[in-house]
Amino acid sequence: MAFRSRREKLRSVLSDATCVHPGSVYDAISIRIAEDLGFPLGMFGGSVASLAVLGDPDVTLITLTELAEQMRRMSRASALPVLVDADHGYGNALNVRRTVQELETAGAAGLTIEDTLLPAAFGEAKAQLISLEEGVGKMKAALSGRGDASLVIMGRTGAASITSIEDAIRRAKAYEAAGVDALFFTGIKSRAELEAVSAATRLPIVLGGAPEDLSALDYLASHRVRIALQGHAPIAAATQAVYATQKALRDGASPKDLQGLASLELTAGVMREADVKARSAEFLGLKK
């Protein structure tokens, strides 16, 4: 299959004895930059998807169609393997199955399905979890929807910050028994908690939102963490840069006096201008 090599690269990351940081990606430009800088994979987070596509906060307003289409754009632009935050799978277990099919077709190397109750329930300000039984059903449905066996399916739980670390372990073990390829934890607050989940499970671990105490890659690797997220600073930096540039122009600055703009060389590289010129010469008879 066309995307199998990307999925095999992600599986290689999970099977290696080291821990890596992914590049935070959200569009064609960001994924090409991450690829050029040598990141082993990209992470397409739900919050950045909502911001990049809708300009909205991360409150589950983005649709599966919008998420898959953005993934498809990135797959066209780069061969970098991408792990997609598929949130709750956009509905019940049957919707999860459809979500897997759409993201697989769009070129995702892997995806996460979480057990958070989304969208938020009426009148509930705090995050809630679905039942363990429903979570297991979603994991089984996700695996059932996979057409390419190399697509990575991760079971994700936020129980560590919503209920307890004991509940997180219970859920992780159940998702592991259901057959997922890796376990994704958010809300882990200490080394003791990480050591507890590592001791109780056997699959590769992905860690999101960890404190500074959990930043040493060698330590993380020794407890089976294979991927450690670093947040989504690139889109925040891009937002600030666009704001500053627009404001300077609105305040009367001359374009030639603007600071911090991408060089012509960087822009040409991101656009793969040399490749386009070579094709123009070959197919349109234009001079290079």
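Each remark here, short or long, concerns the structure printed above.
Residues numbered from 1 in each chain as written. Predicted model: local features only at pLDDT ≥ 70, side-chain atom pairs only at ≥ 80, totals over all residues. Heavy atoms only, no water.

Draft legend 1. Broad picture of the overall build of the chain. Broken down by element type, the chain carries 13 helices and eight strands. Taken against the 2.2 N^0.38 rule, which gives 19 Å for 288 residues, the C-alpha radius of gyration of the chain at 20 Å falls within 12% of a compact globule. Out of the 288 residues belonging to the chain, those deemed buried represent 46%. Within the chain, contacts between residues separated by at least 24 positions form 68% of all contacts whose residues are at least 6 apart in sequence. Taken as a whole, the chain presents about 14300 Å² of accessible surface, with 55% of it coming from carbon and sulfur. Once the 32 positive and 34 negative side-chain charges of the chain are each reduced to a mean point, those two points are 5 Å apart. (Helix = DSSP H or I, 4+ residues; strand = E, 2+ residues; numbered from the N terminus. Rg over C-alpha atoms; globule rule 2.2 N^0.38 Å. Buried < 20%, exposed > 50% of the residue type's maximum accessible area, 1.4 Å probe, protein only. Contact = heavy atoms within 4.5 Å. Areas by Shrake-Rupley, 256 points an atom, 1.4 Å probe, with all protein chains shown as cover. Lys, Arg positive; Asp, Glu negative; His and termini not counted. Charge placed at Lys NZ, Arg CZ, Asp CG, Glu CD.)

Draft legend 2. Region of the structure containing the nonpolar core. Counting 60 residues, the largest nonpolar core has F44, V84, L103, L111, I188, L194 and L220 as its most contacted members. The element contributing the most residues to this core is helix α8 (residues 165–178), with seven residues. When sequence neighbours within four positions are dropped, the list of residues in contact with F44 reads V25, Y26, A49, L67, Q70, M71, M74, V82, L83, V84 and D85. Grouped together as the second largest cluster of nonpolar side chains are 14 residues, M43, M154, V206 and I227 included. (Core = buried A, V, L, I, M, F, W, Y, C linked by side-chain atoms within 4.5 Å.)

Draft legend 3. Structural view of the sheet that holds strand β5 (residues 152–157). The sheet built from eight strands is open, its strands ordered β1-β2-β3-β4-β5-β6-β7-β8 with parallel pairing. Because the sheet does not close on itself, it has two edges, and the strands there are β1 (23–24) and β8 (225–228). Sheet topology note: the strand β4 (residues 110–114)/β5 ladder contains five bridges and is parallel. Bridge pairing in β5 links E114 to R156. Most of the contacts of helix α6 (residues 132–145) go to β5, to which it runs at about 165 degrees, and overall it touches β4 and β5. (Pairing = 2+ DSSP bridges. Axes fitted to C-alpha atoms, helices over the stretch in contact; angles between N-to-C directions.)

Draft legend 4. Up close: the side chain of R226. With respect to the secondary-structure elements, R226 resides in strand β8. The buried charged residue R226 lacks any salt bridge, with D16 as its nearest oppositely charged partner at 6.8 Å. Polar side-chain contacts of R226 include one of 3.1 Å to the backbone oxygen of A221. Apart from residues no more than four positions distant in its own chain, R226 is found in contact with V13, L14, D16, A17, T18, C19, V20, P204, I205 and A221. (Salt bridge = Lys/Arg side-chain N within 4 Å of Asp/Glu carboxyl O. Polar contact = N/O pair within 3.5 Å; in protein donor to acceptor, adjacent residues only side chain to side chain.)

Draft legend 5. Geometry of helix α1 (residues 4–15). Here α1 contains 12 residues, and its C-alpha end-to-end distance of 16 Å stays within 8% of the 16 Å for a straight helix at 1.5 Å per residue. Buried within α1 are the following residues: R6, R7, L10, V13 and L14. The arc enclosing the buried residues of α1, seen along the axis, measures out at 110 degrees, which places them on a common side. (Expected span 1.5 Å × (residues − 1). Arc of directions from axis to C-beta.)

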